[in-house]
Structure formats: C-alpha cells, structure tokens
Amino acid sequence: MLRNLHHTVNLFDTATTALFLGFLTACARGGGGSEHRLVYYESYDPRSLDPALSTDVPTGEMVTLLFDGLTQFDPDGRLLPALSDRWTADQRGQRYQFHLRPGVTFHDGRPLVAADVKRALLRVLNPQTRSGRVWPLLPIVGAADFADGRARDVRGIEVLGDTAVAFRLTEPLAVFPKFLAMPVAAIVPSSPPADLGQQPVGTGPWRFVEWQHDDYLRFAANSTYWDGNPRSESLTVRIVPEPLTRAAEFLAGRLSVAEIPFGETAKWEREHAAWLKRKPALRAIYVALNNRRGPLRDPRVRRALNHAVDVPEILRTVWSSRGVAAAGSIPPALGGSDPGRKPYLHDTATARRLLREAGMGGGFEVQLWRSGTNVELGRVAQAIQAQLAAVGVRVEIVSRDASSMREAVRKGDTDMAVLDWWADYPDADNFLYPLFSSASFGPGGNYSFYSDPVTDSLILAARRTVDQEAREALYRRIDNRVFDAAPWIYLWFPVDLWAAQPALDGWDVPVIFNGQRWTKVRVAADR
C-alpha cells in the first residue's frame, strides 16, 4: 500500500520541461524496462530533498545526488574537492579558506558564488529552518549563538569576493573539512524555491525529475556538471522496504544492486558468488554498558561481561560471519585503528574470577534493551542473554520501538543496550568523540556514559592535531585506553555484502552513506 501518494513532477521552467521529456525519451529507448537503466532503492521514503533536513540516510543519499558541498567523499571514504577545488588551513587548524571551483552553475542556470555558500549554511543554522542537524557547523565562531537566536549573523563565516569563503573556528579542529562533506552542508541557491524539499535545485550530478512518494524518485543526468556528465542518462530510486522483496526484485532484473539479506548469505554465496561485492563498513555493533548504573560502574564487571560473550559464535550464527570481531571502537579501515590489539577472549573462567573480585560472585540481574524493529540485533540480544546466564548474570530483555528505546538510552535509563553506530564522516574521531567524550553524554552519542578526564584531554588533543600521523597515533592511544575500561561489550565491525547486476559497470559499495553518487556507473549493453 502506498502512503501519502501524490505526483510531484518538476516542471517549473522550460529547461526542466525539456529535461523531463528527454528523460521519457531515454526510458523509451530502454524499452521501458530496468535492464538499460540504473535502478537503486531506499528502504523508506526520504524525509525531504532539502539538505538542511537531511537527518536520515535516505534523505542524505538523495541530497548527495542533487547537491554538492565544498568537499565530498568517494566510495572508499577519501576526502576530495567538490565545489571548492582547493583549501588551506592555518598552522593551528582554526582558520580555513576554501576557494570555489570556477564555472559552476545551479540546475536553473544561476552561477555559484561565495555568497551562496554563506547563505546556505546560515539557512541550516537558522532556528526557523528546524534542521535538527546543525552540529557539523557549530565549531564555526558565532554559529551556536545564531542557531540559538542570540545573534543576527555568524561572525566566523567570511565571504571573500565571489570566489572564496573563510571559516574561523572556536578551537582548532583538524577534521572540519570532512564536516563540510556531509549532506547538511550542501550548498543551495541564495534564493531557493519555497518548496526546495519537493522541487530541489542544486549543483549536483543529477537533476530532479519526479517523486512518487513511497514508490520511487527519478533523476536525469546533469549535462553541465562541473565534474563531467554522469555515464548514464537517468537514475531511478525505488522505495522497497523489505529485504527479501529487494532480493527478489534484483533477481528479476528490476534493481541494479541489492544488499544481501543475512538469512540468505550462504545461498547467495553458493549460487551467485560472481555477483557479490564485499567491503568493510564504517560501522560498529556493540552493547552500551551504562557506566553509572549498579554493578556496571565497576570496570571489572564490564570486562567480565566481555569475556563471557562468545563474539565469534554470535557473529557466525546470527550475522552469517559478515563482520570482524572488534578489539576497540575504530573500524579497521580507518587510520588510528590498531591491527595488533586482540579482542576480549571468550573465557568464562576469567569472567567468573572478575565477577568474584568485584563482589559479584553470585551474579546479578540486569536489563538488556533492544529495538523491536531490528530482527538481527534482537537475535544478538537473545544470544548474549544465554551466554551471560552461564556466568550467573541474569538478563531480562526489554524490547521497545526504536524511538522509545533511543529516548531511554539517551536519558541513561537503560542498563545495557544493543546498538549499532554508523559513521557520519570517515574518520576515527567519529568513533571516539561522540561515543566516549564526557561532552557527548546521552544525545551526543556517549550512551555508555563513560567518563574519564584523561580520555577527554586526549580526544581534545587529537582533534587539534593537524598532522595526520600524529593524530592517528593519538587515536590508537585513546582507543586502547577506552578498550581496557570496557564501557561496551565489544561485538564486531560489519562487512557489507551486496550484489550487482553482471552488466553494471563502475559501481562499488560505499563505506560512507554519501560516498556513492552514481556518476561513474553505467549498464554495459554488451555484457
């Protein structure tokens, strides 16, 4: 059943009308089927096509097709120039100057100028926009006051003629250019359409054509794109909520790519191995242990829980071996991870000894929260419950809808919660500052309420360190210290498994959700 279905074809000017007719012609040349067109999917309808409202993955992915930021990520998570073709930073990493790429135009023909950059970012910060995701811009001097309605301008954004923009930050921040690659920092025209979320106008590689809500979105190639024309004329994004339905649609040739359902892993590896693509994800699966509640305040208890859980067994039986056991919070693909560090060894004798040392030799009762809508993580919770029982820890599983669980975790009302953390930007900082800084308690991402002044100071030092090698050395030091304190039950880093149609050329699994723009992808007719 389609919900909130209404037709929104973007025919707001003559140029776009011609674009839409061209799209229809292209479809006709392809026989009306999917075999000659690119067809992607989302699991639910995007919230909007407005960058300022990109608080979820479907919205962020669609914004990435239509808009550009000053910087961008490639499928492997590397930071690349985008609307800015180069930038410089002072020695402290507190002032950045971005130079705009010449000759860039918006989809409606307007040229991009530096004033557009400032106005777009002010629009995100404006309380009336109700963005819900302003934090990537808050390091800028004056941004917090503007977002709170206490200032009329952001002093830290300086327009330098038509061709450059400078940012002054409240403190040094080496990863700031990565913040500007996030969808919320994408640039919109200075006077955007009132219904930008439904009729988007950007500079991106794809132009908006049509959105049938809860059914599909259609895009056409931007023939004037600054980075060259996309290799395909059109891209359709369908809304397909169910994993098994997506797999069936892929096998029927109606999707270009599809993520393999966990329960189908062995079958696809056996029957369609040549179609499969694997890539380590920038994502962590873990159990947050509330470091402020009951026995979990004691690091010996937290280490005992880690030793009591047989991670390789759960990874094999529940996650179809699609992951790497975690020996820290930083995924192996990121600089700053330590490949020599070993995960907690499954050892129930050690777990019992640590519990006795902590005065918990008789065990204790604890609640483990899980989202009732995530089947795989629900099975993980059940496996952990059974394994902790073997060392006398009696676990009650609390199942709630995702929203209720999130609220309880953020308020610190849970003992333990099985969670996953997806990277917002591909840097180890994103797996340390939000997850373990005491400045990030609750809504900021530190759901374990782990607090350590030394860790806080090291994280701050890493954020201020411009030299990449020195910063990564700090990341490893932080990760090692936190791992020893065991604020989590460390589970695994997933490995994504996707299938691509044999005729698809140029597509790769992105490690970051906004790293695949489909510009290098085409269907090779001769395959």
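Now for a look at the structure at hand. (Residues numbered from 1 in each chain as written. Predicted model: local features only at pLDDT ≥ 70, side-chain atom pairs only at ≥ 80, totals over all residues. Heavy atoms only, no water.)

If you tally the helices and strands in the chain, you get 15 helices and 21 strands. Compactness check: the chain gives a C-alpha radius of gyration of 24 Å against a globular reference of 24 Å for 527 residues, within 12% of the reference. Taken along the three principal axes of its C-alpha coordinates, the chain extends 75 × 55 × 40 Å. Evaluated residue by residue, the chain yields a buried proportion of 57% over its 527 residues. Across the chain, the fraction of contacts at a sequence separation of at least 24, relative to all contacts at a separation of at least 6, is 70%. Of the roughly 21600 Å² of accessible surface on the chain, a fraction of 50% belongs to carbon and sulfur atoms. Averaging the locations of the 62 positively and 60 negatively charged side chains of the chain gives two centres separated by 2 Å. (Helix = DSSP H or I, 4+ residues; strand = E, 2+ residues; numbered from the N terminus. Rg over C-alpha atoms; globule rule 2.2 N^0.38 Å. Buried < 20%, exposed > 50% of the residue type's maximum accessible area, 1.4 Å probe, protein only. Contact = heavy atoms within 4.5 Å. Areas by Shrake-Rupley, 256 points an atom, 1.4 Å probe, with all protein chains shown as cover. Lys, Arg positive; Asp, Glu negative; His and termini not counted. Charge placed at Lys NZ, Arg CZ, Asp CG, Glu CD.)

Along the chain, Ser 337 falls in the loop between β15 (323–325) and α10 (348–357). A distance of 3.3 Å separates a polar atom in the side chain of Ser 337 from the backbone oxygen of Pro 332. Only 3.1 Å separates the side chain of Ser 337 from the backbone oxygen of Leu 334, close enough to count as a polar contact. When neighbours within four sequence positions are excluded, Ser 337 is seen to be in contact with Ile 330, Pro 331, Pro 332 and Arg 476. (Polar contact = N/O pair within 3.5 Å; in protein donor to acceptor, adjacent residues only side chain to side chain.)

Looking down a regular strand, the side chains alternate between one sheet face and the other. Counting buried residues in strand β6 (residues 95–100) gives five out of six residues, a clear majority hidden from the surface. Alignment of strand β5 (residues 84–89) against β6, held across five bridges, turns out to be antiparallel. Looking at the pairing, Ala 89 lines up with Tyr 96 of β6. Counting the residues that bridge the hairpin from β5 to β6 gives five residues, and of these Gly 93 lies at a positive phi of roughly 75 degrees. Pairing of β6 with strand β8 (residues 164–168), which is carried by five bridges, proceeds in the antiparallel orientation. Its bridge partner lying in β8, Arg 95 is registered against Arg 168. (Pairing = 2+ DSSP bridges.)

Let's shift gears to empty space enclosed by the protein. The tally for this structure, following the rule as stated, stands at four cavities of 30 Å³ or more. Of the voids in this model, the largest cavity is the one considered here, and its volume is about 130 Å³. Residue lining of the largest cavity: 16 residues in total, with Thr 64, Phe 67, Gly 69, Ala 181 and Arg 517 positioned closest to the centre. For the lining of the largest cavity, the elements supplying multiple residues, two or more each, are α2 (57–66) and β3 (71–73). Looking at the lining of the largest cavity, the element that brings in the most residues is β3, giving three residues. A per-class count over the lining of the largest cavity returns nine nonpolar, five polar and two charged. (1 Å grid on protein atoms, 1.4 Å probe; cavity = no way out; pocket = protein on both sides within 12 Å on 5 of 7 lines; lining within 4 Å. Points joined across faces, edges and corners; volume = space filled by probe spheres on them. Nonpolar A, V, L, I, M, F, W, Y, C, P; charged D, E, K, R; others polar.)

For the rest of this paragraph, the subject is α2. With nine of its ten residues buried, α2 lies for the most part within the structure. Among all positions in α2, only Pro 58, Thr 59, Gly 60, Glu 61, Met 62, Val 63, Thr 64, Leu 65 and Leu 66 are buried. On the buried face of α2, the contacting elements are β2 (38–42), β9 (206–212), β10 (216–221) and β11 (234–239).

Take the environment of Pro 426 next. Within the secondary structure, Pro 426 is located in the loop between β18 (416–422) and α13 (433–436). Along the backbone, Pro 426 and Phe 179 are 247 residues apart, and their C-alpha atoms lie at a distance of 9.8 Å. With residues up to four places along the chain from it excluded, the contact list for Pro 426 reads Phe 73, Gly 77, Lys 178, Leu 282, Leu 334 and Ile 512.

Quick look at the packing of helix α14 (residues 453–464) against helix α15 (residues 468–485) now. Between α14 and α15, whose axes approach to 9 Å, the crossing angle comes to 160 degrees. In terms of axis orientation, α14 runs roughly antiparallel to α15. As for the relative orientation of α14 and α15, their crossing is left-handed in sense. Judged by residue contacts, Val 454, Thr 455, Leu 458, Ile 459, Ala 461 and Ala 462 of α14 engage Arg 471, Leu 474, Tyr 475, Arg 477, Ile 478, Arg 481 and Val 482 from α15. (Axes fitted to C-alpha atoms, helices over the stretch in contact; angles between N-to-C directions. Parallel < 35°, antiparallel > 145°, perpendicular 65-115°, else oblique. Left-handed = near helix turned anticlockwise from the far one by under 90°.)

Turning our attention to the environment of Glu 407. Tracing the backbone through its elements, the reader meets Glu 407 in helix α12 (residues 402–411). Of the residues examined, Glu 407 reaches a relative accessible area of 49% and is grouped as partly exposed.

Right, let's talk about unusual backbone geometry for a bit. One non-glycine residue, Arg 130, adopts positive backbone phi at about 55 degrees. Here Arg 130 is to be found in the loop between α3 (114–125) and α4 (143–147). Given the relative accessible area of 68%, Arg 130 is considered exposed. Phi angles above zero are rare outside glycine, and Ser 321 is one such case at about 60 degrees. Tracing the backbone through its elements, the reader meets Ser 321 in the loop between α9 (311–317) and β15.

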